[in-house]
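Residue-level structural notes
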Amino acid sequence: MASSPASSPAPSPAPRVLLLEPFYGGSHRQLLELLQQNISGCSAVTLPAKKWHWRARTAALHLSQATPPCPSYRVLFCSSVLNLCELVALRPDLARLKKVLYFHENQLVYPVQKDQERDFQYGYNQILSCLVADVVVFNSAFNMESFLSKLRPFLKRIPDQRPQDLDLDLLIRPKCLVLAFPLQLPDLTRLMPRHKLQRRLGEESHHDDIITACRWDRDQDQDQDQDQEPPQSRATPEGGGEEEVRPLHIVWPHRWEHDKGPELFFSTLMDLKQRGCNFLLSVLGETFTDPPEIFLEAQQVLQSHILHWGFLPSRDHFLSVLCQADVVVSTAKHEFFGVAMLEAVHCGCYPLCPKALVYPEIFPAEYLYSTPQQLSKRLRNFCTRPQLARSHLLKVDASRYSWASLKQRYQDLLSVPEGGAEAPPP
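Presented here is a report on the structure given in the accompanying data block. Nothing here was measured: the structure is a model prediction, and the numbers come from that model.

Right, let's talk about the nonpolar core for a bit. One recurring pattern in soluble globular proteins: nonpolar side chains tend to sit buried together. In this structure, F77, F363 and Y410 are the most contacted members of the largest nonpolar core, which totals 88 residues. Sequence-distant contacts of F77, that is, excluding residues within four places in its chain, are made with L18, L19, L20, L31, L32, L35, V100, Y102, L413 and L414. Membership of the second largest hydrophobic core comes to 36 residues, among which are A60, L97, F103 and F147.

Rendered as structure tokens:
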């Protein structure tokens, strides 16, 4: 008797959302992976996260050729690195989709030494992309307002034959919305040292107004040893692992580029070293180009304080280091959301951020510093009394930015009403 043929797997649903990313790395990659994993019908075409300036200049042509036609697409989602205006001119079939442009950052306020050095084309491309997009999404109110408020002065840089209407913000603003970058906030109970677990329980008990960023399993044995160092890290100093004798652990988890302000961070730590302060240091984050020279100098000067130096490709290892750290520092000159800072807060780190950029939008005033001197003083105090940071009950509501909180808004963003965004002809 012949065996019946094996049943074939059910066909995958036709893709409805086209995700395009010219710079597939860092937070850009995190966002696309999250959308693909959690929203059905997403298909992605990407380019590696290298040579950012060339991606901004030329990605539209490459992606127009690398993206196969697909009649089931209804939505196009891309970051503002892509010149959307060029893309839809090259691919009229994509122009018919609901076009969503996501701003991780904006080039109108990118920090440069002198305004004359600002490359006009990058910001101009973003303006044109906004004009052809159907929805323009910013990851923070600071990002949106800094962009819209700079449109007129930016366009005035055109030496002659300017656009007749410089009030393009009146055309673009109605398309705009603020939708925070969605964070993946896993349960970190297995990675947390004992004092952070105990502190978190105190936060849940005494600060019900603070929505916690992770779910804690209270049935787990709180007496198990949570103080082990992550793999390939230096052992903590002698003292039985007691928090009062372990030096302050400072972490800097940012891209190794000048806009993250490494000069201020390292000069501050070199000053702490000269003053005889005791601390441990982890410098993490990705490197996309040649890092600023200060990194090599700092590695040599601060060698005796360093626990970790360089990018950790394992997500678990990265989170483990953040869980072991006490204080996370930002010295950014260019920040529109700050994924790494919120991830570190989720891991129980006390944040120190500039009182500028996006930070006042996210962090209460007690975590902000106004001057380098204030940053140095705060770190000196923590080095002298690490328990100030370790016992502090964090007042940052990281759960607002979790995928669980934002999922519905992203699903709505990537949907179209019945009868909307007609499919292009085959």
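Here the focus is the sheet that holds strand β12 (residues 368–369). Strand pairing in a sheet relies on backbone hydrogen bonds, with the paired strands running either antiparallel or parallel. In space, the six strands of this open sheet follow the order β9-β8-β7-β10-β11-β12, with parallel pairing throughout. Each of the sheet's edge strands pairs with one partner strand only, and the pair in question is β9 (306–309) and β12. When strand β7 (residues 248–252) meets strand β8 (residues 279–283), the two strands line up parallel, connected through five bridges. The residue of β8 that forms the bridge with V251 is S282. Along the sheet face, helix α9 (residues 262–274) touches β7, β8, β9, β10 (327–329) and β12 and points at about 160 degrees away from the line of β8.

At their nearest, the axes of helix α1 (residues 26–38) and helix α16 (residues 403–413) sit 12 Å apart, and the two run at 75 degrees to each other. Here α16 runs roughly perpendicular to α1, going by the angle between their axes. In this structure, α1 contributes L31, L34, L35 and N38 to the contact, and α16 contributes W403, K407, Y410 and Q411. By residue class, the composition of the contact of α1 with α16 is five nonpolar, two polar and one charged.

By the definition in use, this model includes 15 salt bridges. R173 is paired through a salt bridge with E145; the nearest N and O atoms lie 3.1 Å apart. Of this pair, R173 sits in the loop between α7 (169–172) and β6 (176–178) while E145 sits in helix α6 (residues 141–155), and the two are 28 residues apart along the sequence. Notably, a salt bridge pairs R255 with D259, separated by 3.0 Å at the nearest N-O pair.

Definitions and limits used
- Residues numbered from 1 in each chain as written.
- Predicted model: local features only at pLDDT ≥ 70, side-chain atom pairs only at ≥ 80, totals over all residues.
- Heavy atoms only, no water.
- Core = buried A, V, L, I, M, F, W, Y, C linked by side-chain atoms within 4.5 Å.
- Buried < 20%, exposed > 50% of the residue type's maximum accessible area, 1.4 Å probe, protein only.
- Contact = heavy atoms within 4.5 Å.
- Pairing = 2+ DSSP bridges.
- Helix = DSSP H or I, 4+ residues; strand = E, 2+ residues; numbered from the N terminus.
- Axes fitted to C-alpha atoms, helices over the stretch in contact; angles between N-to-C directions.
- Parallel < 35°, antiparallel > 145°, perpendicular 65-115°, else oblique.
- Nonpolar A, V, L, I, M, F, W, Y, C, P; charged D, E, K, R; others polar.
- Salt bridge = Lys/Arg side-chain N within 4 Å of Asp/Glu carboxyl O.

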